[in-house]
Amino acid sequence: MTLGEIIGSAPALAGAALALTLGWALWWLVRYIRADTMTRASIRQAIRVRRGWRRLAPMAGLSVTDKTPPAVIVAPDGKVPKPKVLIPKIKVTADRYGVLVRAVCLPKVSLAEFQRAAPYLADAWRCTRVSVLPDKPGQLVIRGVRVDPLVVRTEHTPTGRVPEELAVWHLGLDEYAQPVSVSLSDVPGVTVAGLPGFGKTSLVNRLLCDTAPSAAIQYAVADGKVTYSDEGDYADLAQRAFAFVGDDLAEANVLFKRLVRLRRDRSASIRALLGVKNMWHVGPSETWPLTVLIVDEAHTYFRDYKGSDPQTKKLAALAAENARLVEDLVKKGRSVGILVIIATQKATGDAIPTFIRDVCPVGLSFAQKTAEAAVVALGEDIRNWPDANPTALQDPAYVGVASMAHQGRPGFTRIRTPYVADDDAARIATATAHLTRDPADLLNDQLTNGPGAPVLLTK
Ligand SMILES: Nc1ncnc2c1ncn2[C@@H]1O[C@H](COP(=O)(O)OP(=O)(O)OP(=O)(O)O)[C@@H](O)[C@H]1O
């Protein structure tokens, strides 16, 4: 191409560049207009972060001076080039809650330096909270939240579709608006505690609504707050449960025994029927469903009855046996696909006996009144994490916010759980009621009609 031709095509090139720029600007404008108010504010924030980065980074100690002279030591005019100040390259994206900044590390400007600078970045970016975590090798991800995700109420409308992953409980958003979920395949027991009216039922509703469309899960409910199944929080969900008991200790005892028998029978037959020792190696199925026992207002079933009259003694014996049976399910149920969820609003040691609480790998607590109650709910370690202590969640703004302990990980995570309306829960339960089966019947069917040698079941 000759110089003349290049000069001749310049207007066309300039036109193409202008069209591209206009197209890009239009795309951004449409994105901005279509976004909700919170996201718009974050988009403006992201622009400020990008614009101000070159000045802010050196001031926050996030730059490094490259003193090595370039290949040409002395420029033609005789001046020695100045050492170069390098600053980490960043890429900024925005969402409803704030900005996500990916930064490339430099020598001596890495995770520790960014973490040290986090409070300055939070001030400069007008964020309530900034966290810095490693991303890919040599890269970091900085999360800055403009709005505290814990105080923004969210809602969840269940789809009624079979979940892609049954054994995942999507709990909500953490304090950096990142989704938090727990894998139920690793979890034999979950405890949920908290003052009345702070969101325990809504949390359990979400699990039920999201998983109920699958035939590979069955539920049993013991609700200590009611006497009959048509009362209380689980009234609408009862149709999707293969067993339901109210506050009668003896009835609960029968249900717990029934489930311990199922646990034993599954243990005895799992190798013959599934060919594995752990159900999670093949996953739950319609014939071997994940069996979830929900014990709400657990205090009713486990509390310490004191007194020497025959009636009190009988109740004390039943309560002690109930605790032992539930402990059996939590300790030995995981590998055969039994999960126990224990909820309580009482914050005394006998609401969830410590020998049960300590074998539940996941513990959640909504607001609590006292430090002792927080320890009862989440264990002694919560004393070392004052920021995450559920006693700090008593403000009405924190209805629906829980602090979570996850065994195997240090510390606690605070989670904004979404509200699930009772009507939605009822709709899902009605639509999926036909999937309800007793797992013990399913097991017996398989043993009678299925492959493998007959297995001796417990009496
Ligand atoms: N995640 C949430 N987000 C916003 N509001 C919520 C949330 N969960 C519950 N609420 C509000 O709090 C009210 C009580 O919630 P919920 O019944 O779940 O509390 P609870 O802890 O189960 O109480 P109780 O122990 O008395 O059963 C709900 O009707 C709703 O208005």
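Residues numbered from 1 in each chain as written. Predicted model: local features only at pLDDT ≥ 70, side-chain atom pairs only at ≥ 80, totals over all residues.

An unreviewed UniProt entry lists the protein chain under the name Cell division protein FtsK, from Streptomyces botrytidirepellens.

Student: Quick rundown of helix H4 (residues 200-211)? Include the residues and the values.
Tutor: Its 12 residues place the ends of H4 17 Å apart at the C-alpha level, agreeing with the 16 Å of an ideal helix rising 1.5 Å per residue. Among the 12 residues of H4, 12 are classified as buried, and the element is accordingly described as predominantly covered. Listing the buried residues of H4 in full gives Lys200, Thr201, Ser202, Leu203, Val204, Asn205, Arg206, Leu207, Leu208, Cys209, Asp210 and Thr211. Lining the buried residues of H4 we find strand E7 (168-174), strand E9 (189-193), strand E10 (217-223), strand E12 (290-296), strand E13 (338-344) and helix H10 (422-432). (Helix = DSSP H or I, 4+ residues; strand = E, 2+ residues; numbered from the N terminus. Expected span 1.5 Å × (residues − 1). Buried ≥ 20, exposed ≤ 12 C-beta atoms within 10 Å, placed from the backbone. Contact = placed C-beta atoms within 7 Å.)

Student: Would you mind going over the packing of H4 against H10 in detail, with residue names and values included?
Tutor: Relative to each other, H4 and H10 sit at 30 degrees, their axes nearing to 9 Å. Considering their axes alone, H4 and H10 lie roughly parallel with respect to each other. Between H4 and H10 the crossing geometry is left-handed. Residue-level contacts link Asn205, Leu208 and Cys209 of H4 to Asp424, Ala425 and Ile428 of H10. Class assignment of the residues belonging to the contact of H4 with H10 gives a composition of 4 nonpolar, 1 polar and 1 charged. (Axes fitted to C-alpha atoms, helices over the stretch in contact; angles between N-to-C directions. Parallel < 35°, antiparallel > 145°, perpendicular 65-115°, else oblique. Left-handed = near helix turned anticlockwise from the far one by under 90°. Nonpolar A, V, L, I, M, F, W, Y, C, P; charged D, E, K, R; others polar.)

Student: Would you mind going over the pairing of strand E16 (residues 412-416) in detail, with residue names and values included?
Tutor: Of all 5 residues in E16, 4 are buried; the element is thus mostly enclosed. In the sheet, E7 pairs with E16 via 2 bridges, with the strands oriented antiparallel. By the bridge assignment, Leu173 is partnered in E16 with Arg416. Pairing of strand E15 (residues 401-406) with E16 involves 5 bridges; the strand directions are antiparallel. Residue pairing across strands places Ala402 opposite Ile415, the latter belonging to E16. (Pairing = 2+ DSSP bridges.)

Student: Quick one: what's the story with the domain arrangement of the protein chain, residue by residue and with numbers?
Tutor: Many structure descriptions define interface size as the accessible area lost when the parts assemble. Per the domain assignment, the segments of the protein chain are domain 1 (36-69 + 82-147) and domain 2 (151-449). Each of domain 1 and domain 2 was reduced to a C-alpha centroid, and the two centroids are 41 Å apart. Taken residue by residue, the interface counts 6 residues in domain 1 and 4 residues in domain 2. The residue inventory of the side of domain 1 that touches domain 2, partitioned by class, reads 3 nonpolar, 1 polar and 2 charged. (Domains from an automatic or database assignment.)

Student: Could you give an account of the sheet that holds strand E4 (residues 98-104), naming the residues involved and the relevant values?
Tutor: One key point about sheets: their strands pair by backbone hydrogen bonds, in either a parallel or an antiparallel sense. Reading across the sheet, the 4 strands line up as E3-E4-E6-E5 and stay open at both edges, with antiparallel pairing between neighbours. Strand pairing shows two members of the sheet lacking a second neighbour, strand E3 (90-94) and strand E5 (129-134), which therefore form its edges. Recorded for the sheet is a direction-independent mean angle of 20 degrees between the axes of neighbouring strands. The pairing of E4 with strand E6 (residues 139-145) spans 7 bridges and is antiparallel.

Student: Pulling in residues and values, what's your account of the UniProt feature "transmembrane region" (unreviewed entry) in the protein chain?
Tutor: Cross-referencing UniProt, the feature "transmembrane region" (unreviewed entry) maps to residues 6-30 in the present numbering. Taken end to end, residues 6-30 is 100% helix and 0% strand, and its two terminal C-alpha atoms sit 35 Å from one another. (UniProt positions renumbered as here; feature names shortened; annotations may be inferred.)

Student: Talk me through the site of the ligand; I want residue IDs and the actual numbers.
Tutor: By nearness alone, 16 residues border the ligand, and Pro196, Gly199, Thr201, Ser202 and Gly400 come closest of all. Residues belonging to the shell around the ligand are distributed by class as follows: 5 nonpolar, 8 polar and 3 charged. (Near = placed C-beta within 6 Å.)

Student: Could you give an account of the UniProt feature "domain: FtsK" (unreviewed entry) in the protein chain, with specific residues and numbers?
Tutor: The feature "domain: FtsK" (unreviewed entry), as annotated in UniProt, sits at residues 177-375 in this numbering. Measuring from the first to the last C-alpha atom of residues 177-375 gives 26 Å, for a span that is 37% helix and 20% strand.

Student: Can you lay out the pairing of strand E8 (residues 179-183) for me, pointing to particular residues and giving the numbers?
Tutor: On any regular strand, side chains alternate: one points to one face of the sheet, the next to the other face. Within E8, only 0 of the 5 residues are buried, which leaves the element largely exposed. Relative to E8, E7 runs antiparallel, the two being bridged by 5 bridges. Opposite His170, over in E8, you have Ser181 as the bridge partner. Remark: 4 residues form the turn of the hairpin made by E7 and E8, two consecutive strands paired antiparallel; Ala177 in that turn has positive phi of roughly 65 degrees.

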